[in-house]
Amino acid sequence: MSDHLSEDQFAKCILGGSTRAELQHIRECPECSIELERFEKMLSLFRTALRDRIDDRVASHPPDETSLRRREAGISTVRWAWVTAAIVALIIPMFMSEKKPQKVNEQGFTETNPVAIMDRVNLHLSRTVPAPMEPMMSLIPSDELISNSGGVR
Amino acid sequence: MKPSTTSGFIALNMGNPALEFEDFDRLVQQYRTRVLRFLFASVGDMDLAETLTQDCFLNAYKSRGSFRGDCSVHTWLMRIAINLVRNHTRSRRFQFWRKARRVDSNEIHDWPDRGISPEDRTVVDEQVQEVWEATKTLSEKQRTVFLLRFLEDLDIAEIAQSTRLTENAVNVHLFRAVRGIRKRLGKQK
């Protein structure tokens, strides 16, 4: 069995969670105290090196405030572009749907011959149901079909 | 009267952190170094760290309305920075590791000259690189809590707020991180 601190005890010691006995051991054992000091020094060097590096970077590259605003503005522009595209996508179908009946009307009133107009009026008046309802008539069973299937008149 | 210096501004608003958002430029000046440092240590690439730092402040600016002041602005910014690192490593995991390995040799030897001898500098470079390399072998959470504790000097409660972990979970990750780094560095021969 080793007389020195285990890796778990070292980790606890570095994080400040050592027991009194462990602290006592570190004070009395040169090997463990040197090892602890070495590791803490490496962490300290790492921290100092990174801090110095970033301090120098920040000093030589001041914050680009305009860049942040540009990006914020850029996002707004993109957002507005999407909104505009959505509005256009909504308006175009509405505009197209309004155009269609106009086309029908235009076609309906292109007749100039009075006889042809009268024929169309007669055709319209002779309909048993209004023109838009004609497709519905196919759903209603005819008399023949009702009698063949034994239906009641 | 409105203070003219950043320190005066922050000092004036210490009681109400939400007020710090009133002057966003000063907030950027105040916290940029710390955010950039954490991001650089996390991703190992200065250009990428600068971009993520901008993203961090941009996100903070956009969501400043949701900041209630229940933690410090620094903690809140760190939370945003951690999310950015997480998103980045998840979306570009392979590119990240490939690039991180590639830039190590360039970034690590680019420390500022602090008047130390070339021999000492070589030793320092090696030791810093060893620790940095060791942090890359840790899991994402272990690395994050390690950097927040040993680079940013945050206490356990602040790390818990930044990472949205419990204090017990932070202690466990920190313990494993230190053990992992010691294992990686090895004992002195």
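What counts, and where the lines are drawn
Residues numbered from 1 in each chain as written. Chains lettered and ligands numbered in written order. Predicted model: local features only at pLDDT ≥ 70, side-chain atom pairs only at ≥ 80, totals over all residues. Heavy atoms only, no water. Salt bridge = Lys/Arg side-chain N within 4 Å of Asp/Glu carboxyl O. Helix = DSSP H or I, 4+ residues; strand = E, 2+ residues; numbered from the N terminus. Buried < 20%, exposed > 50% of the residue type's maximum accessible area, 1.4 Å probe, protein only. Disulfide = S-S within 2.5 Å. Axes fitted to C-alpha atoms, helices over the stretch in contact; angles between N-to-C directions. Parallel < 35°, antiparallel > 145°, perpendicular 65-115°, else oblique. Contact = heavy atoms within 4.5 Å. Patch = residues over 30% accessible without salt bridge, like charges linked within 9 Å, V, L, I, M, F, W, Y side chains within 5 Å. Areas by Shrake-Rupley, 256 points an atom, 1.4 Å probe, with all protein chains shown as cover. Buried area = accessible area lost by both parts, 1.4 Å probe. Polar contact = N/O pair within 3.5 Å; in protein donor to acceptor, adjacent residues only side chain to side chain. Nonpolar A, V, L, I, M, F, W, Y, C, P; charged D, E, K, R; others polar. Phe/Tyr/Trp six-rings, centres within 6.5 Å; stacked < 30°, edge-to-face > 60°. Lys NZ or Arg CZ within 6 Å of the ring centre and 35° of its normal. Expected span 1.5 Å × (residues − 1). 1 Å grid on protein atoms, 1.4 Å probe; cavity = no way out; pocket = protein on both sides within 12 Å on 5 of 7 lines; lining within 4 Å. Points joined across faces, edges and corners; volume = space filled by probe spheres on them.

(A) Region of interest: the pattern of salt bridges. Here the structure, examined in full by the defined rule, presents 12 salt bridges over all chains. The closest approach of N and O atoms between Glu50(B) and Arg57(A), which form a salt bridge, is 2.9 Å. Remark: Arg57(A) occurs in helix α3 (residues 30-60) and Glu50(B) occurs in helix α3 (residues 46-62); the pair is interchain, linking two chains. The same class applies to Glu50(B) and to Arg57(A), which are both buried.

(B) Structural context of the state of the cysteines. Residues and elements named next belong to chain A. The full count for this structure, using the stated rule, is zero disulfides over all chains. Of all cysteine sulfurs in the structure, the one in Cys32 sits closest to Cys13, which takes part in no disulfide; the separation is 9.2 Å. Left unpaired, Cys29 is separated from the closest cysteine sulfur, that of Cys32, by 3.7 Å. Of the residues examined, Cys29 reaches a relative accessible area of 10% and is grouped as buried.

(C) Molecular detail of the packing of α3(A) against helix α6 (residues 118-136) of chain B. Interaxial distance between α3(A) and α6(B) falls to 9 Å at its minimum, and their mutual angle equals 95 degrees. Between α3(A) and α6(B), the angle falls in the class roughly perpendicular. Where α3(A) approaches α6(B), its residues Met42(A), Leu43(A), Leu45(A), Phe46(A) and Ala49(A) are matched on the opposing element by Val124(B), Gln127(B), Val128(B), Glu130(B), Val131(B) and Trp132(B).

(D) Representation of a nonpolar patch on the surface. A cluster of nonpolar residues, Trp80(A), Val83(A), Ile87(A), Ile91(A) and Phe95(A), forms a patch on the protein surface that exposes about 530 Å² of accessible area. With respect to the element layout, Phe95(A) can be found in helix α4 (residues 65-108).

(E) Highlighting the interface of chain B and chain A. Each partner contributes to the interface: chain B provides 47 residues, whereas chain A provides 37 residues. Summing the contributions of chain B and of chain A, the shared interface buries around 4,300 Å²; its carbon and sulfur component is 64%. Counting across the chain B and chain A interface gives seven salt bridges. Here Asp8(A) makes a salt bridge to Arg179(B), at a shortest N to O gap of 2.9 Å. At the junction of chain B and chain A, the tally comes to eight residue pairs in polar contact (both at pLDDT 80 or more). Contributing elements (two or more residues each) for the side of chain B that touches chain A: α2 (24-43), α3, α6, α7 (140-150) and α9 (167-185) of chain B. Among the residues forming the side of chain B that touches chain A, the class breakdown is 24 nonpolar, seven polar and 16 charged.

(F) Main features of unusual backbone geometry. Even without a glycine there, the phi angle at Asp153(B) is positive, about 60 degrees. By the secondary structure assignment, Asp153(B) is in the loop between α7 and α8 (156-163).

(G) Summary view of the packing of aromatic side chains. For the coordinates displayed, the defined rule picks out five aromatic pairs over all chains. Ring centres of Phe24(B) and Tyr61(B) lie 4.9 Å apart, and the angle between their planes is 70 degrees; on these two criteria the pair is classed as edge-to-face. Separated by 37 residues along the polypeptide, Phe24(B) in helix α2 and Tyr61(B) in helix α3 bring together distant segments of the chain. Classification of Phe24(B) by relative accessible area gives buried; the value is 8%. Aromatic pair Phe146(B) and Phe150(B): ring centres 5.0 Å apart, planes at 40 degrees, arrangement tilted. Taken together, the positions of Phe146(B) and Phe150(B), both in helix α7 and four residues apart, correspond to about one turn of that helix. What makes Phe150(B) buried here is its relative accessible area of 10%. Through pairs of rings, three or more aromatic residues link up here, namely Phe24(B), Phe57(B) and Tyr61(B). Of note, Arg64(B) hangs over the ring of Tyr61(B), and the distance from its end group to the ring centre comes to 3.9 Å. Between the NZ or CZ atom of Arg182(B) and the centre of the ring of Phe10(A), over which it lies, the distance is 4.3 Å.

(H) Local environment of α6(B). With 19 residues, α6(B) extends 27 Å from end C-alpha to end C-alpha; this agrees with the ideal 27 Å at 1.5 Å per step. Here α6(B) has its buried residues at Asp125(B), Val128(B), Val131(B), Trp132(B), Ala134(B), Thr135(B) and Lys136(B).

(I) View of empty space enclosed by the protein. All names here are of chain B. Tallied over the full model, the rule gives one cavity of 30 Å³ or more. When its volume is computed, the largest cavity comes out at roughly 80 Å³. Contributing to the lining of the largest cavity are Ile82, Val85, Arg86, Glu140, Lys141, Thr144, Val145, Thr163 and Leu165. Breaking the lining of the largest cavity down by element, the ones donating at least two residues are α4 (73-91) and α7. When residues in the lining of the largest cavity are grouped by element, the largest group, four residues, is from α7.

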